[in-house]
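Below, each chain spelled out in residue letters.
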Amino acid sequence: MARIDLVDLAHSYGGNAAAEESFALKPISMTWRQGGAYALLGPSGCGKTTLLNLISGIVTPSRGKILFDGADITRATTQQRNIAQVFQFPVIYDTMTVGENLAFPLKNRGVARPEIEKRVREIAELLDLTPVLNRKATRLTADAKQKISLGRGLVRSDVAAVLFDEPLTVIDPALKWELRSKLKALHRALDLTMIYVTHDQTEALTFADTVVVMHDGRVVQAGTPQQLFDRPEHTFVGYFIGSPGMNIVPATVNGHEAVIDGHTIALQRNYDALPAGARVEIGVRPEFVEVAAPAPGRLAATIERIDDLGRVRFARVRIGDVKFAARVPNGFSIPGSEAGLIFDPARVHIYADSRLVEGQDLEGRA
Ligand code: ATP
């Protein structure tokens, strides 16, 4: 396994001369920790596969460098990089047994027979494949075949990293949950650097210690699931993570107060130094805005509907023309649809041109 450094890495399928705004991957510098479990999360077309293919060597970057443990491998082949990959669809040999499939990457590298047998037994056990080790792969279900693919990706202990590109796409929904948690356990047991590409936030948040969120060819935030929930550094992270996503609403901010639709909301920090001419928005997760009866000091809103998600209810409300989501407390009921919203000031963030603004505490410290 290896520490991976990306140094000013960028890629354009149209060549280096293309305008940077059109790059599939805009310049990025970041480090992937040795032994870390990472998810690369973002919507279709944001550049996840491009970044993964740059790390594996399938694509050569237009700009920048990739280092494995400090060594420059930017021009090295996938084979030289010593990377294992698991793709969306099973890549296995139907005519071989499950055991032979798992042993294949080790045989290819000339690993000694007793070591191969030991490792195959371990991986089969971790993936519940022991009972079918001697069966021909051709007779197995698509789920089982993808498990073999996962096993082939994980069987070598000397790889620099294991890269997964949406590996659970073909897995039955009921099994997905089980395999997701299994992958997490495998990461702990095997101590490999793993990078897992997905557009599904649940998959990313269950698997990874660090989730790297991409938007329009850029990494907009890398953090723990808790950091992405508590302090989205970009409005896209707020909107993309969470269900429902964060409310992001245009606002006027003066010092430690924000004004939405003529109503003033107290803030916990001071925002005197917002960049001139920036598009200013407040961001607050629905979990931290409570629906209550209308009252002075509460932001007036009209309830459009209430969604019952089982353990929690969210109201879809309107503030003037702006749509908003807010938590409905247990036992809440009011006649009619007019409500008042109560904000948790500690959870209201300020964004300028989509980027989180730190602000100063009310004593003036940054
Ligand atoms: P998906 O989840 O749909 O695979 P993604 O986040 O992995 O999306 P990429 O496949 O990396 O995104 O694509 C990023 C951008 O690069 C897209 O605009 C895509 O059309 C473009 N792109 C990807 N591969 C190529 C290619 N081989 N040639 C030209 N453009 C490409």
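Predicted model only: the values in this text are computed from it and were never measured.

Here's the deal with the overall build of the chain
Here comes step 1: Regarding its fold elements, the chain presents 9 helices and 24 strands.
Here comes step 2: In terms of principal-axis extent, the alpha carbons of the chain reach across some 75 × 50 × 35 Å.
Here comes step 3: When the 366 residues of the chain are sorted by exposure, 51% land in the buried category.
Here comes step 4: Restricting to contacts in the chain with at least 6 residues of sequence separation, those with at least 24 account for 68%.
Here comes step 5: When the accessible area of the chain is evaluated, it comes to approximately 17100 Å², of which 49% is carbon and sulfur surface.

Observations concerning the nonpolar core
Here comes step 1: Judged by nonpolar contacts, the single largest core of 49 residues is most densely connected at Leu-154 and Phe-164.
Here comes step 2: Ignoring any residue separated from it by four or fewer positions in sequence, one finds Leu-154 in contact with Arg-119, Ile-123, Val-162, Phe-164, Leu-183, Leu-186, Leu-190, Leu-192 and Met-194.
Here comes step 3: In terms of nonpolar packing, the next biggest core, distinct from the first, is built from 33 residues, Val-253, Ala-258, Ile-265 and Val-280 among them.

Concerning helix 3 (residues 98-108)
Here comes step 1: Taken as a whole, helix 3 has its buried residues at Val-98, Gly-99, Asn-101, Leu-102, Ala-103, Pro-105 and Leu-106.
Here comes step 2: The inward-facing, buried residues of helix 3 contact helix 4 (113-126) and helix 5 (142-154).
Here comes step 3: Within two residues after helix 3, Gly-110 carries a phi angle of roughly 70°, on the positive side.

Some points on the site of the ligand
Here comes step 1: Residues in close proximity to the ligand include Tyr-13, Ala-24, Pro-43, Ser-44, Gly-45, Cys-46, Gly-47, Lys-48, Thr-49 and Thr-50, which together make up its full environment.
Here comes step 2: Contacts to the ligand include Cys-46, whose backbone N or O atom sits 3.1 Å from an oxygen atom.
Here comes step 3: Residue Thr-50 places a side-chain N or O atom 2.5 Å away from an oxygen atom belonging to the ligand.
Here comes step 4: For the ligand, the protein covers 52% of the area, taking 630 Å² as the surface of the free molecule.
Here comes step 5: For the shell around the ligand, the per-class residue count stands at 4 nonpolar, 5 polar and 1 charged.

Remarks on the environment of Ile-148
Here comes step 1: Position of Ile-148 among the secondary structure elements: in helix 5.
Here comes step 2: With relative accessibility at 0%, the residue Ile-148 sits in the buried group.
Here comes step 3: Sequence-wise, Ile-148 and Gly-99 are 49 residues apart; in three dimensions their C-alpha atoms are separated by 9.0 Å.
Here comes step 4: With residues near it in sequence (within four places) discarded, Ile-148 still touches Ile-92, Val-98, Asn-101, Leu-102, Leu-129, Ala-137 and Leu-140.

Details of the layout of surface pockets
Think of a ball as big as a water molecule: rolled over the atoms, this probe shows where empty space is left.
Here comes step 1: There is about 560 Å³ of room inside the largest pocket.
Here comes step 2: If you go around the largest pocket, you meet 19 residues; those closest to its centre are Ile-83, Ala-84, Pro-105, Arg-152 and Arg-156.
Here comes step 3: Elements that contribute at least two residues to the lining of the largest pocket include exactly helix 2 (78-81), strand 6 (83-86), helix 3 and helix 5.
Here comes step 4: Looking at the lining of the largest pocket element by element, the count peaks at 4 residues for strand 6.

Considerations on the packing of aromatic side chains
Here comes step 1: Summed over all chains, the structure comprises 9 aromatic pairs.
Here comes step 2: Here the aromatic rings of Phe-164 and Phe-207 are separated by 6.3 Å at their centres, their planes lie at 70°, and the arrangement is edge-to-face. Here the residue Phe-164 occupies a position in strand 7 (residues 161-165), and Phe-207 occupies one in helix 7 (residues 201-207), the gap between them amounting to 43 residues. Neither Phe-164 nor Phe-207 differs from the other in exposure class; each is buried.
Here comes step 3: Both rings, one in Phe-229 and one in Phe-288, keep their centres 6.0 Å apart while their planes meet at 65°; by these two values the pair is edge-to-face. Of this pair, Phe-229 sits in helix 8 (residues 225-230) while Phe-288 sits in the loop between strand 16 (280-284) and strand 17 (289-292), and the two are 59 residues apart along the sequence.
Here comes step 4: Overall, Phe-288 belongs to the buried group, its relative accessible area being 18%.
Here comes step 5: For the cation-ring pair, Arg-347 lies above Phe-288, with the distance from its terminal atom to the ring centre recorded as 4.0 Å.

Rules used in this analysis
Residues numbered from 1 in each chain as written. Predicted model: local features only at pLDDT ≥ 70, side-chain atom pairs only at ≥ 80, totals over all residues. Heavy atoms only, no water. Helix = DSSP H or I, 4+ residues; strand = E, 2+ residues; numbered from the N terminus. Buried < 20%, exposed > 50% of the residue type's maximum accessible area, 1.4 Å probe, protein only. Contact = heavy atoms within 4.5 Å. Areas by Shrake-Rupley, 256 points an atom, 1.4 Å probe, with all protein chains shown as cover. Core = buried A, V, L, I, M, F, W, Y, C linked by side-chain atoms within 4.5 Å. Near = heavy atom within 4 Å. Polar contact = N/O pair within 3.5 Å; in protein donor to acceptor, adjacent residues only side chain to side chain. Nonpolar A, V, L, I, M, F, W, Y, C, P; charged D, E, K, R; others polar. 1 Å grid on protein atoms, 1.4 Å probe; cavity = no way out; pocket = protein on both sides within 12 Å on 5 of 7 lines; lining within 4 Å. Points joined across faces, edges and corners; volume = space filled by probe spheres on them. Phe/Tyr/Trp six-rings, centres within 6.5 Å; stacked < 30°, edge-to-face > 60°. Lys NZ or Arg CZ within 6 Å of the ring centre and 35° of its normal.

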